Amino acid sequence: MPYKIAVCDDSDADRAYLAGLARGWAADRGQNAQLALFPSAESFLFRYAEEKDFQILLLDIEMGRMDGVTMAKALRRENDAIQIIFVTGYSDYIAEGYEVEALHYLMKPVDGARLWAVLDRAAEKLRKNERTVLLEQADGLVRLPVHQIRSAEVQGNYVTIHAREDYTARMTLSELETQLDDNFFRLGRSALVNLGCVARVTRTAVVLNDGSALPLPRGAYDRINRAIINRG
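Nothing here was measured: the structure is a model prediction, and the numbers come from that model.

Peer 1: Account for the side chain of aspartate 181, with residues named and values stated.
Peer 2: Tracing the backbone shows aspartate 181 in the loop between helix H6 (173-177) and strand S11 (184-187). Buried charge without a partner: aspartate 181 forms no salt bridge, and the closest opposite charge is arginine 131, 5.1 Å away. Within the structure, the side chain of aspartate 181 is placed 2.9 Å from the backbone nitrogen of asparagine 183, a separation counted as a polar contact. Setting aside anything within four residues of it in sequence, one finds aspartate 181 in contact with Lys128, Arg131 and Val146.

Peer 1: Could you give me a rundown of the pairing of S11, with the residues and numbers involved?
Peer 2: Sheet topology note: the S11/strand S12 (residues 191-194) ladder contains 4 bridges and is antiparallel. Bridge pairing links leucine 187 to alanine 191 in S12. Counted along the chain from S11 to the antiparallel partner S12, the turn is 3 residues long, and its residue glycine 188 has a positive phi close to 65 degrees.

Peer 1: Can you tell me about the sheet that holds strand S9 (residues 158-162), naming the residues and giving the values?
Peer 2: Spatially, the 5 strands line up as an open sheet ordered S10-S9-S8-S12-S11, and their pairing is antiparallel. Each of the sheet's edge strands pairs with one partner strand only, and the pair in question is strand S10 (166-170) and S11. Here the average twist between neighbouring strands, direction ignored, is 20 degrees. Inspection of the sheet shows S9 paired to S10 by 5 bridges, in the antiparallel sense. Looking at S10, one finds that histidine 162 is bridged to aspartate 166.

Peer 1: A description of the packing of aromatic side chains should follow, citing residues and the corresponding values.
Peer 2: In this structure the tally under the stated criterion is 6 aromatic pairs. Judged by centre distance (6.0 Å) and plane angle (80 degrees), the rings of phenylalanine 38 and phenylalanine 54 are edge-to-face. Of this pair, phenylalanine 38 sits in strand S2 (residues 33-38) while phenylalanine 54 sits in the loop between helix H2 (41-48) and strand S3 (56-60), and the two are 16 residues apart along the sequence. When the centroid spacing of 5.1 Å and the interplanar angle of 35 degrees are considered together, the rings of phenylalanine 86 and tyrosine 105 count as tilted. Pair noted here: phenylalanine 86 is in strand S4 (residues 83-88) and tyrosine 105 is in strand S5 (residues 104-107), with a separation of 19 residues, a long-range link.

Peer 1: Explain unusual backbone geometry residue by residue, including any values.
Peer 2: Here the bond from lysine 108 into proline 109 is cis, since omega is -5 degrees, no more than 30 degrees from zero. Structurally, proline 109 is set in the loop between S5 and helix H5 (112-128).

Peer 1: Which residues make up the packing of helix H1 (residues 12-29) against H5, and what values do they have?
Peer 2: H5 packs onto H1 with a crossing angle of 60 degrees between their chain directions and a minimal axis gap of 10 Å. Between H1 and H5, the interaxial angle falls into the category oblique. With respect to the hand of their crossing, H1 and H5 are arranged in right-handed fashion. Two secondary-structure elements touch here, H1 through Tyr17, Leu18, Leu21, Ala22, Gly24, Trp25, Asp28 and Arg29 and H5 through Gly112, Leu115, Trp116, Leu119, Asp120 and Ala123. Residue composition of the contact of H1 with H5, by class: 9 nonpolar, 2 polar and 3 charged.

The rules we used
Residues numbered from 1 in each chain as written. Predicted model: local features only at pLDDT ≥ 70, side-chain atom pairs only at ≥ 80, totals over all residues. Heavy atoms only, no water. Helix = DSSP H or I, 4+ residues; strand = E, 2+ residues; numbered from the N terminus. Buried < 20%, exposed > 50% of the residue type's maximum accessible area, 1.4 Å probe, protein only. Lys, Arg positive; Asp, Glu negative; His and termini not counted. Salt bridge = Lys/Arg side-chain N within 4 Å of Asp/Glu carboxyl O. Polar contact = N/O pair within 3.5 Å; in protein donor to acceptor, adjacent residues only side chain to side chain. Contact = heavy atoms within 4.5 Å. Pairing = 2+ DSSP bridges. Axes fitted to C-alpha atoms, helices over the stretch in contact; angles between N-to-C directions. Phe/Tyr/Trp six-rings, centres within 6.5 Å; stacked < 30°, edge-to-face > 60°. Parallel < 35°, antiparallel > 145°, perpendicular 65-115°, else oblique. Left-handed = near helix turned anticlockwise from the far one by under 90°. Nonpolar A, V, L, I, M, F, W, Y, C, P; charged D, E, K, R; others polar.

Function-wise, these values are silent; they only describe arrangement.
Here you go:
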């Protein structure tokens, strides 16, 4: 699939360097890539207002009036599919990346091989994001993108799926699980959770990045933490 990649960095040299690495990755992988370069968060958002189909964003954090984290938060309010890769000279902002579901942090100077590996992950996530679940609702069938699902819970003979809005369908959790990908973790018999939406795990609960929480079954603490680590 073709990729539309944005590079946003207020350093001319860093911007050109990252763009060169991204073009090299696309050529090596036999992919078509359209690159757009931006010297500020404001310039990116101005273009994004008209072109919302960017798929991968290489984003500097320390910029002028608007920093990269602030821009990413604004972007995430309407776009949960774009793969955000932060590029920074400091590690102080890593915790804030969880709020915007950043794919990865790369420290400057950026190593080309590491960036290529992260771009491979971004491409794989974009391919998975094309998957959908078909849900039968009272007003017809709904095709729900898998990546929008945060969690799902059993309620009798029904499953309630929490995404941008809630959907309840007559099905089993196992039936839903067969339509999902390996980003999802089974919380016992009653729930599934998208590991990409997990903010933190306690001994008794899984807290998601929207503030909601799911009870963690006894014995699942180590398993879910291993799953999060292995997910990378």
